[in-house]
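An overview of the molecular structure
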Amino acid sequence: MTTLVLCVDRADDIGRTVGVSMPVDGWDAVQSLVTEVGLADPEDSTVNCLLEALRVTRDLRSDGEDALVAVVSGSGDTAVGADRSVAAQVDELLDRHDPDSAIIVTDSADDERLVPIVESRLPVDSVDRVVVRQARDIESTYYLLKQFLADEELRSTVLVPLGVGLLLLPVLLVRFSLPVALAGLASLLGAAVLYKGLAIDTYIARLPDRTRDALYSGQVSVVTYAVAGGLALVGAFLGALAVETTAEGVVVPVMQFAYSAIPWLALAALTASAGRLLDELIDSDRVPRPYLNLPFGVVALGLVVRGFAGYFLEREGVLGNLRLFGLTVPATERLALFVVSAIVVSLVGVRVAANVADHPEEEADVDAAERS
């Protein structure tokens, strides 16, 4: 079994440097060629490629294999002409030695384009790319950058936001100070990364089709989602109005916003979940347990958030004491009342869902009994 260790040179660096005719085959001929190329241009990476071909041949022979080293080089004014020249040289080597397989040694990605030409004529066991140690990091970076620029999705994800940011930076610098401009640019790039990372673009692309399907199918959730969106906007508006501009710090304004907005936001979530629940009931005549638990969970969460917000506001003196049945409820008891109410609502939801929701296991047992 003969293995052909083939050093390929698509750009004809060897031919231009020393002017020898191709192909060159045999240990002594290739060893002499290395000396000639090295003396003519010591900085040429082709010298390392030729030496690697000799090293691979030596290792194969030391393992007891019959190995032949050869060199082919493209010649021609065009890339097609160079490839055809290499194909003719490979055919000549096959006629001379009739090898069973080949190991290709290259020193660049451009030379690896010759691999299919060799594979069409001879089985290729391995492709060995030689990279000079001093330039390994530079060349690796070059090929990674080249691969990155060839990927359309990566270009649109990274280069487009970066280009828009660089275009906006001079405009922001003219209009605002340097810190404001940099902050705006960082916010823009962060929004672009989140937009792609959270797959918001995919959701937006599917949204028109999903909305059209929902309208054509007569789903109730289309209307309830619209109502829920309006209620959420009302809650956000009322929460913003409740924030006192004179309040110091961050905690108090946040608690004021939450205390005023939570009832409306919870109502919006209840409206949306009710529409989804009705759709499931209409489509399948049964309601899955998660859809029954959702309204109770929303109410319980709203009670907890409003209770804690009221507790902080009352301790800061922003909110007055709660009066219940003519009695004044202190801040701690007020928080406990909201938390206990939330737990009770959650337990009621679990109980209702357990009693109303269908049980697929029981239905399967009933169907199996009826078939038998």
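No experiment lies behind these values; they were computed from the predicted model shown. (Residues numbered from 1 in each chain as written. Predicted model: local features only at pLDDT ≥ 70, side-chain atom pairs only at ≥ 80, totals over all residues. Heavy atoms only, no water.)

A closer look at the overall build of the protein
Here is the rule we go by: Secondary structure elements are taken from DSSP: a helix is a run of H or I of four residues or more, a strand is a run of E of two residues or more, and numbering for both begins at the N terminus. Buried residues are those whose accessible area, probed at 1.4 Å on protein chains only, stays under 20% of the maximum for their type, while exposed residues exceed 50% and partly exposed ones sit between those limits. Contact criterion: two residues are considered in contact whenever any of their non-hydrogen atoms come within 4.5 Å of each other. All accessible-area figures derive from a Shrake-Rupley calculation using a 1.4 Å probe, and residue coverage is judged against the displayed protein chains alone.
Scanning the protein from N- to C-terminus turns up 14 helices and seven strands. By residue count, 33% of the 372 residues in the protein fall in the buried class. Expressed as a percentage of contacts within the protein between residues at least 6 apart in sequence, the contacts between residues at least 24 apart total 62%. Here the protein displays about 22,500 Å² of accessible surface, and carbon together with sulfur accounts for 61% of that area.

Quick look at the packing of aromatic side chains
We describe a pair of aromatic rings using the distance from one ring centre to the other and the angle between the two ring planes. Rule in force here: What counts as a ring pair is set by centres within 6.5 Å for rings of Phe, Tyr and Trp (its six-membered ring), and what kind of pair is set by the plane angle: stacked under 30 degrees, edge-to-face over 60, tilted for all other angles. Charges are assigned to positions over rings by a cutoff of 6 Å between ring centre and Lys NZ or Arg CZ, combined with an angular limit of 35 degrees from the ring normal.
Within the structure shown, the criterion is met by one aromatic pair. Their ring planes at 70° and their centres at 5.7 Å tell us that Tyr311 and Phe312 sit as a pair that is edge-to-face. A relative accessible area of 18% means that Tyr311 is categorised as buried. For Phe312, a relative accessible area of 39% translates into the label partly exposed. Above the plane of the ring of Tyr259 lies Arg306, whose end atom (NZ or CZ) is 3.8 Å from the centre.

Considerations on the UniProt feature "transmembrane region" (unreviewed entry) in the protein
For clarity, the cut-off: UniProt positions are given in the numbering used here, feature names are shortened, and annotations may be inferred rather than shown by experiment.
Under the UniProt annotation, the feature "transmembrane region" (unreviewed entry) is placed at residues 154-174, 180-199, 220-241, 261-279, 291-313 and 335-354. What you have in residues 220-241 is 95% helix and 0% strand, and the ends, taken at the C-alpha atoms, are 32 Å apart. For the annotated span residues 335-354, helix accounts for 100% and strand for 0% of the residues, and the straight-line distance between the end C-alpha atoms is 29 Å.

Describing the pairing of strand β4 (residues 101-106)
Along a regular strand, successive side chains alternate from one face of the sheet to the other. So the rule is basically this: Strand pairing is assigned whenever DSSP identifies at least 2 bridges connecting the two strands.
For β4, the buried fraction is high: six of the six residues fall into the buried class. Taking every second residue as pointing to the same face, both faces of β4 are buried, with Ser101, Ile103 and Val105 on one and Ala102, Ile104 and Thr106 on the other. Here strand β1 (residues 2-9) pairs with β4 via five bridges, running parallel. By the bridge assignment, Thr3 is partnered in β4 with Ser101. As defined by bridge partners, β4 adjoins strand β5 (residues 124-129) across five bridges and the pair is classed as parallel. Residue pairing in the sheet places Ile104 in a bridge with Val127 of β5.

Regarding the environment of Phe257
Along the polypeptide, Phe257 turns up in helix α11 (residues 251-284). For Phe257, a relative accessible area of 32% corresponds to the partly exposed category. Each C-alpha atom of the pair Phe257 and Leu238 lies 7.8 Å from the other, and the pair is 19 residues apart in sequence. Ignoring sequence-local partners within four residues, the contact set of Phe257 consists of Ala236, Gly239, Ala240 and Val243.

Considerations on a negative patch on the surface
As a reminder, the rule being used: A patch is a set of surface residues, each over 30% in relative accessible area and not in a salt bridge, joined within 9 Å for like charges and within 5 Å for the nonpolar side chains Val, Leu, Ile, Met, Phe, Trp and Tyr. In what follows, salt bridge is the name for a side-chain nitrogen of Lys or Arg lying within 4 Å of a carboxyl oxygen of Asp or Glu. Only four residue types enter the charge count, namely Lys and Arg as positive and Asp and Glu as negative; His and the chain termini do not. The atom standing in for a charge is NZ when the residue is Lys, CZ when it is Arg, CG when it is Asp and CD when it is Glu.
A contiguous patch of negative charge, built from Asp63, Glu65, Asp66, Asp95, Asp98, Asp100 and Asp125, is present on the exposed surface. Summarising the element assignment, Asp100 is placed in the loop between α4 (79-97) and β4.

Thoughts on the side chain of Gln256
Note on placement: Gln256 falls in helix α11. Apart from the residues lying within four places of it in its own chain, the contact partners of Gln256 are Ala242, Val243, Glu244, Leu313 and Val318.

Some words on the confidence of the model for the protein
Short version of the rule: Values of pLDDT, ranging from 0 to 100, describe the predictor's confidence in every residue of the model.
Averaged over all residues, the pLDDT of the protein is 80; the fraction at 70 or higher stands at 81%. Predicted confidence is poor over residues 360-366, with pLDDT under 50, and the contacts of this stretch with residues over four places away or in other chains come to two contacts.

What about the sheet that holds strand β3 (residues 66-73)?
This is how it is decided: Here an angle of 0 to 180 degrees is reported between the N-to-C directions of two axes, which are lines fitted to C-alpha atoms, with helices fitted over the stretch in contact.
With respect to topology, five strands assemble into an open sheet ordered β2-β3-β1-β4-β5, the strand pairing being mixed. Since the sheet does not close on itself, it has two edges, and those belong to β2 (24-25) and β5, each with one partner. Packing against the sheet, helix α3 (residues 46-62) makes contact with β1, β3, β4 and β5, and its axis sits at approximately 175° to β1.

Here's the deal with helix α2 (residues 27-40)
Note the threshold: To estimate how far a helix should reach, multiply one less than its number of residues by 1.5 Å. Think of it as the arc spanned by the lines of direction from the helix axis to the C-beta atoms.
Between its first and last C-alpha, α2 extends 20 Å over 14 residues, near the 20 Å set by a 1.5 Å rise per residue. Inspection of α2 places Val30, Leu33, Val34, Val37 and Gly38 among the buried residues, and these make up the whole buried set. The buried side chains of α2 occupy one side of the element, clustering within an arc of 125° when seen end-on. Turned more than 90 degrees from where α2 packs its buried face, Asp28 and Leu39 sit exposed. As for α2, its buried residues are in contact with α1 (13-18), β2, α3 and β3.

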